[in-house]
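Topology and contacts: notes
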Amino acid sequence: MLKGSLIHPEILFEVAKCGHGDKILITDGNYPKYEKKHEAARLIDLALSENIPSVIEVLKALTSVVNVEKYELMDPGDHEELPALFTEFSEILIDIENEKLGRFEFYQKAVEKEVRLVIGSAETRVFGNILLTVGVR
C-alpha cells in the first residue's frame, strides 16, 4: 500500500528507478520541456488547464514519496525581484540545500544525464521550475 499522496503510476515507476544523486525536474507551463531535457529523460506532462496542476501541487505530491537532498531554481537575475514561488518552495523543502542558477545555466543542468524525469505542470507563474536531487535520508 502506498503511503504518500502521489498515485500517478508512471511517475511512481520513474521515481522508483531513481537513485541517490539522480535528478527530477518539475517545470512550469512556460518551460521548453521538449527541447530542454536530456534525451533519455522521461517526460510526463500533466498540464490539464491553467494552473492545473500547479508546480506546488506536483512538488507536494512528489516529496511525499521521495527524499530531496538539494534543489536548484532558475534565478530571474538582478533586475527582478525573487518570485513568491521561491518562498513556497522553501516552505515545502525545509532546511534543504538550494542553489539559484541563471536561466542558461539552469537549462544546461536540465539536459544532463542525471535528470531522469521531467514533470510538466501547468503553472502560469514565471520561474516556476525546480530541479530536485534525489537523496537518501
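Whatever comes next refers back to the structure up there.
Regarding the nonpolar core
Generally speaking, a soluble globular protein has its nonpolar side chains buried in company with each other. Of all hydrophobic cores here, the largest spans 41 residues; its most connected members are Leu62, Phe89, Ile130 and Leu132. The element that contributes the greatest number of residues to this core is helix α2 (residues 55-63), accounting for 6 residues. Dropping the residues within four chain positions of it, phenylalanine 89 is found in contact with Val55, Ile56, Leu59, Tyr71, Leu73, Gly128, Asn129 and Ile130.

Things to note about unusual backbone geometry
Note that the residue after isoleucine 52, namely proline 53, is joined by a cis bond; omega there is -5°. Turning to its location among the elements, proline 53 is positioned in the loop between β2 (42-45) and α2. Phi is positive for asparagine 51, close to 65°, though the residue is something other than glycine. Assignment of secondary structure puts asparagine 51 in the loop between β2 and α2. Look at asparagine 51 and you get partly exposed, because its relative accessible area is 26%. Backbone geometry places phenylalanine 127, a non-glycine residue, at a positive phi of 60°. Among the secondary structure elements, phenylalanine 127 is positioned in the loop between β5 (115-120) and β6 (130-134). Judged by relative accessible area, phenylalanine 127 falls into the buried class, the value being 16%.

Overview of the environment of arginine 42
By the element assignment, arginine 42 lies in strand β2. Arginine 42 gets classed as partly exposed once you look at its relative accessible area, which sits at 29%. Arginine 42 has contacts with Glu10, Glu14, Arg116, Leu117 and Val118, leaving out every residue within four places of it along the chain. A distance of 2.2 Å separates the side chain of arginine 42 from the side chain of glutamate 10, its partner in a polar contact. At 3.2 Å, the side chain of arginine 42 forms a polar contact with the side chain of glutamate 14.

Rules behind the numbers
Residues numbered from 1 in each chain as written. Predicted model: local features only at pLDDT ≥ 70, side-chain atom pairs only at ≥ 80, totals over all residues. Heavy atoms only, no water. Core = buried A, V, L, I, M, F, W, Y, C linked by side-chain atoms within 4.5 Å. Buried < 20%, exposed > 50% of the residue type's maximum accessible area, 1.4 Å probe, protein only. Helix = DSSP H or I, 4+ residues; strand = E, 2+ residues; numbered from the N terminus. Contact = heavy atoms within 4.5 Å. Polar contact = N/O pair within 3.5 Å; in protein donor to acceptor, adjacent residues only side chain to side chain.

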